[in-house]
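The primary structure of each chain is shown beneath.
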Amino acid sequence: MRIVVDDLTGPEVAALLGEHLAEMRAVSPPESTHALDLDGLRRPEVTFWTVWDGADLLGCGALLELDPAHGEIKSMRTASTRQGRGVGAALVVHVVAEAHRRGYRRLSLETGSSAHFAPARRLYARHGFVPCPPFGDYPDDPHSAHMELVLGDP
């Protein structure tokens, strides 16, 4: 597996993100769908990575800088044919390492609260994330689960 910063121009990346957005819209009410589209992921405060095995796209994930001490994991997605093979775990480890490198004190995320999102919540919990109140611009929403990892002082 190789994890690389991606410019979001490849058709396979657009297809994976399209799959991600379609699924999020299918399982969450519109007001509770917070996934970023391609334009949102191209903002300068977002770093976007893809995971590859040779020419095969395995997954993607992003880190949004909320402020100089706080980042947010966004757009974590493993290709449906590669789920359960460690792609998500590798991405979480990579993003957490980058957050440490940047000197963030806290890394947060928002995911769904339904059973559909239970595997994601378990993945994050295995990496030390714990439930937290809504952060940033997120409202208090019964369809959302918020989690954070306190990274400490740089």
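Residues numbered from 1 in each chain as written. Predicted model: local features only at pLDDT ≥ 70, side-chain atom pairs only at ≥ 80, totals over all residues. Heavy atoms only, no water.

Moving on: the overall build of the protein chain. Across its full length, the protein chain holds four helices and seven strands. When the helices and strands of the protein chain are read in sequence order from the N terminus, they spell out β-α-α-β-β-β-α-β-α-β-β. Computed over the C-alpha atoms, the radius of gyration of the protein chain is 14 Å, within 12% of the 15 Å expected from 2.2 N^0.38 for a compact globule of 154 residues. The principal-axis extent of the C-alpha atoms belonging to the protein chain is close to 40 × 35 × 30 Å. (Helix = DSSP H or I, 4+ residues; strand = E, 2+ residues; numbered from the N terminus. Rg over C-alpha atoms; globule rule 2.2 N^0.38 Å.)

What helix 4 (residues 118-126) keeps buried is the set A118, L123 and Y124. Downstream of helix 4 by one or two residues, G128 has phi in the positive range, about 95 degrees. (Buried < 20%, exposed > 50% of the residue type's maximum accessible area, 1.4 Å probe, protein only.)

Once that is clear, we can look at the environment of F117. Position of F117 relative to the elements: it lies in the loop between strand 5 (106-112) and helix 4. What makes F117 buried here is its relative accessible area of 8%.

On to the nonpolar core. Membership of the largest hydrophobic core comes to 21 residues, with the highest contact counts inside it found for I73, V92, V96, L107, Y124, F129 and L151. Going through the elements one at a time, strand 2 (46-53), strand 3 (56-67), strand 4 (70-78), helix 3 (87-102), strand 5, helix 4 and strand 7 (144-150) are the ones with two or more residues in this core. A per-element tally of this core places helix 3 first, with six residues. Not counting residues within four places of it along the chain, the set of residues in contact with I73 comprises A62, V95, L107, S108, L109, Y124 and F129. (Core = buried A, V, L, I, M, F, W, Y, C linked by side-chain atoms within 4.5 Å. Contact = heavy atoms within 4.5 Å.)

This next bit is on the pairing of strand 4. Sheet faces and side chains relate simply in a regular strand, where the side chains alternate between the two faces. By the criterion of burial, strand 4 is predominantly enclosed, with nine of the nine residues buried. What sits between the antiparallel neighbours strand 3 and strand 4 is a turn of two residues. Taken together, strand 4, helix 3 and strand 5 form a β-α-β motif whose crossover is right-handed. (Pairing = 2+ DSSP bridges. Right-handed = clockwise from strand over helix to strand, strands pointing away.)

On to the sheet that holds strand 4. Taken in spatial order, the seven strands make up an open sheet running 1-2-3-4-5-7-6, and their pairing is mixed. Two strands close off the open sheet at either side, each with one partner strand: strand 1 (2-5) and strand 6 (130-131). In the packing of helix 3 onto the sheet, the strands contacted are strand 1, strand 2, strand 3, strand 4, strand 5 and strand 7, and the crossing angle to strand 3 comes to about 30 degrees. (Axes fitted to C-alpha atoms, helices over the stretch in contact; angles between N-to-C directions.)

The subject of this paragraph is unusual backbone geometry. Unlike most non-glycine residues, L8 shows phi in positive territory, near 65 degrees. Note on placement: L8 falls in the loop between strand 1 and helix 1 (11-27). The backbone of S75 shows a phi angle near 50 degrees, a positive value even though the residue is not glycine. Position of S75 among the secondary structure elements: in strand 4. With a relative accessible area of 7%, S75 lands in the buried category.

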